[in-house]
Structures are given as C-alpha cells and as structure tokens.
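A look at the structure
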Amino acid sequence: MTIQPPTTVRVARRGPLRGRLQVPGDKSVSHRALILAGLADGTSTITGLSGGLDVRHTRQIMTDLGVQIDEGEAARPGDPVGLLTVTGGHLHEPRHTLDVGNSGTGARLLTGVCAGQPFRSVITGDRSIATRPMDRVVQPLRAMGAQIDGREAGRFTPLTISGGNLRGIDYAPPMASAQVKSAILLAGLFAEGATVVREAMPTRRHTEEMLAAHGVDVVTDQVGNGTVITLQPGPVTPGPFVVPGDPSQAAFWICIAAAVPGSDVTIDNLYLSRERSGFLDVLLAMGADLDIDRAAGTVRARGRELHGTVVTGARLPDLIDEVPALAVAGALARTGSLDFQDAGELRTKESDRIETVAALIGALGGDVRAENSRLVVHGMGPDGLQPGTVVSHHDHRIAMAGAIASVAMRQGDVVEVDDWTCVETSYPGFLDDLERLTSA
Ligand code: S3P
C-alpha cells in the first residue's frame, strides 16, 4: 500500500448550508454486508456500499480469504459503488497478512470471523490500529477455543489467529461495544452450541439484524435496560444486501445546519435505528429544529440558536461516533454547556476523542474541559468560534468536525485541517458535498 503524504486543507467560511443530499453508504453496514456475503455459500449482491478506504480494506481481506467480488465501476472515486456481486462460502487460508488499515470495525469483526476458521491468519493495520485495544475481543474468542497470539500478550495487533473447533459461550462484555458483540456472534456461527451475548447497554444491532435476515437463528431479548442476544450456529444464506446512507456522516451536516441560523438541510436514505440516531435526540434536547421521518429515513434540519444539555453515559453508545460533530454544535450554542458524562470509551477510538475533540474546539477559540471520562463544551454563541488550525490526529471524524466549523465563521475566515488524508477512510466526497450544500 502506498503511503500518502499528509494534505493540509483550508476550508473558507461557507455561511448557512442549504440543500438536499444523500450521504455515502453506511460504513458499519458495509463491513457487515461484505463479511456476511463472503460467508454465505452462493452468490449475493450488495448495493450502496461505502466507497471509503476502511470498507475497501475489508473488501480486500474477504478477497484474500477466497471470496470473489465483482463490481460495476463507481461514477467518481469515493462514490458508493453500484452493484457488487459476491460469491462466497468457501474461505481459505490467506497467503497475505490481512490489513484492516485504520478500521477498528474491520479489525474486531474479522478477528471474530477468522477465529471460526480452521486455518491460520494474521491481522494487522495502521499505526492507529496498533494502539487500539484488541483484548476486548481476544479474551472472549480465546474462551471460545480460538488460539490467538499478539503483541503484548494479545492486547494489540498484529494478531495471529489459529481458529476452528470453537464452542459457544455466554458472555457479558465489560464495555458497551457493537464491535465486541459482533466479533463473538460471527465466531459463534462456527461454534458448537449456542452463543449468548449480554449487553448492559444496547449497541447498534446491525449484525444481529443482518444475520437474521440471512437465515441465521438469532434472537434478541430485552432484559431490563439491556439486551440478551442468543445465536445458534449455522449457515448464512446468500441474497441481496442493501446499504442505506450513513447516519454518522449525515450527522456532520445535520449538526452544523441545526446550529447555524439560516441553514436548511435535508438528508435522505438513512436507517435511523435508535442505536444510531442518539445524536438527533441530543440536538432536540438542545432545542434544534428537526423534522425526522424515521420510516422514510429523512431528516431536515433548520438552523436556530441552541442551548446546552447533558449526555449521560447510558446514551453514549447511541451516538458514540457523533461526538465530534455534536461538540461543534455545542460550542455554537447560545447558552449552557454540552456535557458528555461517563464517556471514557471515547478514548478508544481512531484517536483519543476526549483529548482530540477538546483540542479541536480549543484550536477554534472555544471553551472546553476534558476530564478523565468527561467532556464539557461551553456554548459561545452561533458566531463564537474563530479561525484556526485543527490537528486531525489522523482521525477522519476530527478532520470533518473541523471542516464543518467553517460554516459558522465570518466572511474571510478559514479553518485549516492539518492532515486531511484520513477523511478517505469514510467520506472521500466530503468536500464535494460541502460545496454542494453551500452553492444550493
Ligand atoms: C461500530 C461500532 C462502534 C463505532 C464504530 C463502528 C460498528 O464501535 O464507534 O465506528 O460498526 O460496530 P464500538 O462498538 O467499539 O463502540
């Protein structure tokens, strides 16, 4: 893989956003579509797949594992690919190291898949992946019978996995993580006996929903505030996978449009499950003017003055990736603070997002406090942020959150983002969409 030099972008002040948009295919669903289509014995189709680099890595890995993937060309680089045909069901030992790039989802889910296979595979990724905790999946997968070795006794990549001969487990992850749940369930497909995952706080359900839609016996029960997912081993059936637009990408446009008076933005084709749309509840609690049509998958945001609110730890899994975008909206609130409490999981993302979000807001003249597991962003008013240079720390969501702050600035102001290349991981067409929403 070629190493791209960091590219600094300068985003000039935009003013209120207006227009209607479809965002790229959902990254979480795209990874799962490629994995499940690759496991299914026969031919599947995928439409709307994310064109981001993270998903391209998962696609390459499925190919390395013996899956055949053919596509019609995307119109522009980064556009959702058209129709993808996937012929899977017969994985074999890969000749190469499996490189997930920057993708934590790829790393965790594919470790689960490989743990179920009767061969040896090695999973690695970029510098950021090498710092992200893998013991959260390694421990339960070892308890299922997989042999996994890795740096610092399996805490970090590279991981060497000798899979197969698994038995189901009954496991309660100590952290709220859809990636951990999914890794265990995917391994459970190949285990003997049922696999049970008990979540104290529910996380995104894409894996369970997509498995159930493709013939797997998987049941989710509500227990108190949590969920218990029970999966029986068995084959995944091939068929069509349709990837909706990504609410985490839509959040950048919705958050900034809601916070900048005069904006009027509509995003279509979203799958707004509870576990992916917590950011909308936070915006509503901040006083945002939103029209949400969950059945149609459409959100319209019109700008008005916002105020702060508290986001408790219980709501964090429902908006875990949207904190950078919400923080920018919080900094533009007329009154109060946006207070993320019990938010320690933010430290395990593409960057330590308690520190990097705080640095981003601080670099633009905002008032922010980072604590151990808390992030408090004080509202400065809709024109309270100033031009500055945002350090992305190679984290796509920090880079994009910096770029949207330009919308709220004064004529002539510029936001500089030091290393824009990372946006390739999820939203290569981000700047084109920004242009579209400002020229509408
Ligand atoms: C994801 C789950 C989340 C999220 C990540 C995508 C997924 O991670 O932050 O971007 O697709 O399962 P955790 O489940 O580890 O919080």
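Residues numbered from 1 in each chain as written. Predicted model: local features only at pLDDT ≥ 70, side-chain atom pairs only at ≥ 80, totals over all residues. Heavy atoms only, no water.

Concerning the overall build of the chain
Looking only at helices and strands, the chain features 13 helices and 25 strands. At 21 Å, the chain has a C-alpha radius of gyration in line with the 22 Å of a compact globule built from 440 residues. Over its C-alpha atoms, taken along the principal directions, the chain stretches across nearly 60 × 45 × 40 Å. Burial statistics for the chain: of 440 residues in total, 60% are counted as buried. For the chain, restricting intrachain contacts to residue pairs at least 6 apart in sequence, the fraction spanning at least 24 positions comes to 74%. A total of about 16000 Å² of accessible surface is found on the chain, and carbon and sulfur atoms cover 49% of it. A distance of 2 Å separates the average location of the 40 positive side-chain charges in the chain from that of its 51 negative side-chain charges. (Helix = DSSP H or I, 4+ residues; strand = E, 2+ residues; numbered from the N terminus. Rg over C-alpha atoms; globule rule 2.2 N^0.38 Å. Buried < 20%, exposed > 50% of the residue type's maximum accessible area, 1.4 Å probe, protein only. Contact = heavy atoms within 4.5 Å. Areas by Shrake-Rupley, 256 points an atom, 1.4 Å probe, with all protein chains shown as cover. Lys, Arg positive; Asp, Glu negative; His and termini not counted. Charge placed at Lys NZ, Arg CZ, Asp CG, Glu CD.)

Section: the domain arrangement of the chain
By the assigned domains, the chain splits into domain 1 (9–24 + 246–439) and domain 2 (27–234). Between domain 1 and domain 2, the residue contacts involve 23 residues of the former and 25 residues of the latter. Note on domain 1 versus domain 2: buried area summed over both sides is about 2100 Å², and carbon and sulfur give 46% of it. The largest share of the area that domain 1 buries against domain 2 comes from Glu275, Arg276 and Thr425, three residues that together contribute 26% of it. Run the count over domain 1 and domain 2 and you get four salt bridges. Here domain 1 and domain 2 share twelve residue pairs in polar contact (both at pLDDT 80 or more) between them. Within the residue set of the side of domain 1 that touches domain 2, elements represented by two or more residues are helix H12 (396–405) and helix H13 (430–439). Considering only residue class, the side of domain 1 that touches domain 2 consists of five nonpolar, six polar and twelve charged. (Domains from an automatic or database assignment. Buried area = accessible area lost by both parts, 1.4 Å probe. Salt bridge = Lys/Arg side-chain N within 4 Å of Asp/Glu carboxyl O. Polar contact = N/O pair within 3.5 Å; in protein donor to acceptor, adjacent residues only side chain to side chain. Nonpolar A, V, L, I, M, F, W, Y, C, P; charged D, E, K, R; others polar.)

Notes on unusual backbone geometry
For the bond from Thr157 to Pro158, the omega torsion is 0°, close enough to zero to count as cis. Topologically, Pro158 is positioned in strand S9 (residues 156–162). Here the phi dihedral of Asp342 falls at roughly 45°; this positive angle occurs in a residue that is not glycine. As for its position among the elements, Asp342 is in the loop between strand S21 (335–340) and helix H11 (353–363).

A closer look at the packing of H11 against H12
Between H11 and H12, whose axes approach to 10 Å, the crossing angle comes to 20°. By the criterion of interaxial angle, the relationship of H11 to H12 is roughly parallel. As for the relative orientation of H11 and H12, their crossing is right-handed in sense. Residues Arg353, Thr356, Val357 and Leu360 of H11 pack against His396, Arg397, Ile398, Ala401 and Gly402 of H12. Partitioning the contact of H11 with H12 into residue classes produces four nonpolar, three polar and two charged. (Axes fitted to C-alpha atoms, helices over the stretch in contact; angles between N-to-C directions. Parallel < 35°, antiparallel > 145°, perpendicular 65-115°, else oblique. Left-handed = near helix turned anticlockwise from the far one by under 90°.)

A closer look at the site of the ligand
Neighbouring residues of the ligand: Ser28, Arg32, Thr105, Ser177, Ala178, Gln179, Arg204, Ile320, Asp321 and Lys349. Here an oxygen atom of the ligand sits 2.6 Å away from a polar atom, N or O, in the side chain of Ser28. Contacts to the ligand include Asp321, whose side-chain N or O atom sits 2.7 Å from an oxygen atom. The fraction of the free accessible surface of the ligand (380 Å²) that becomes covered by protein chains is 95%. Contributing elements (two or more residues each) for the shell around the ligand: helix H1 (27–39) and helix H6 (178–188). Broken down by class, the residue content of the shell around the ligand amounts to two nonpolar, four polar and four charged. Counting contributing residues, the shell around the ligand receives three or more from each of domain 1 (9–24 + 246–439) and domain 2 (27–234). (Near = heavy atom within 4 Å.)

Examining the environment of Asn225
Within the fold, Asn225 resides in the loop between strand S14 (218–223) and strand S15 (226–231). Distance in space between the C-alpha atoms of Asn225 and Ser44 is 36 Å, their sequence separation being 181 residues. When near neighbours in sequence (up to four residues on either side) are disregarded, Asn225 contacts Ala200 and Pro202.

Focus: the sheet that holds strand S8 (residues 147–150)
One open sheet accounts for four strands, arranged S6-S7-S9-S8; its pairing is mixed. Looking at strand neighbours, the two that pair on one side only are strand S6 (98–99) and S8, the edges of this open sheet. As paired strands, strand S7 (residues 120–124) and S9 are joined by four bridges and run antiparallel to one another. Bridge pairing in S9 links Ile123 to Leu159. (Pairing = 2+ DSSP bridges.)

Some remarks on the pattern of salt bridges
Taken as a whole and judged by the stated rule, the model has 33 salt bridges. Between Arg353 and Glu350 there is a salt bridge; the shortest N-O distance is 2.9 Å. For Arg353, a relative accessible area of 0% puts it in the buried group. Each of Arg204, Asp321, Glu350, Arg353, Asp395 and Arg397 takes part in one network of salt bridges that share partners.

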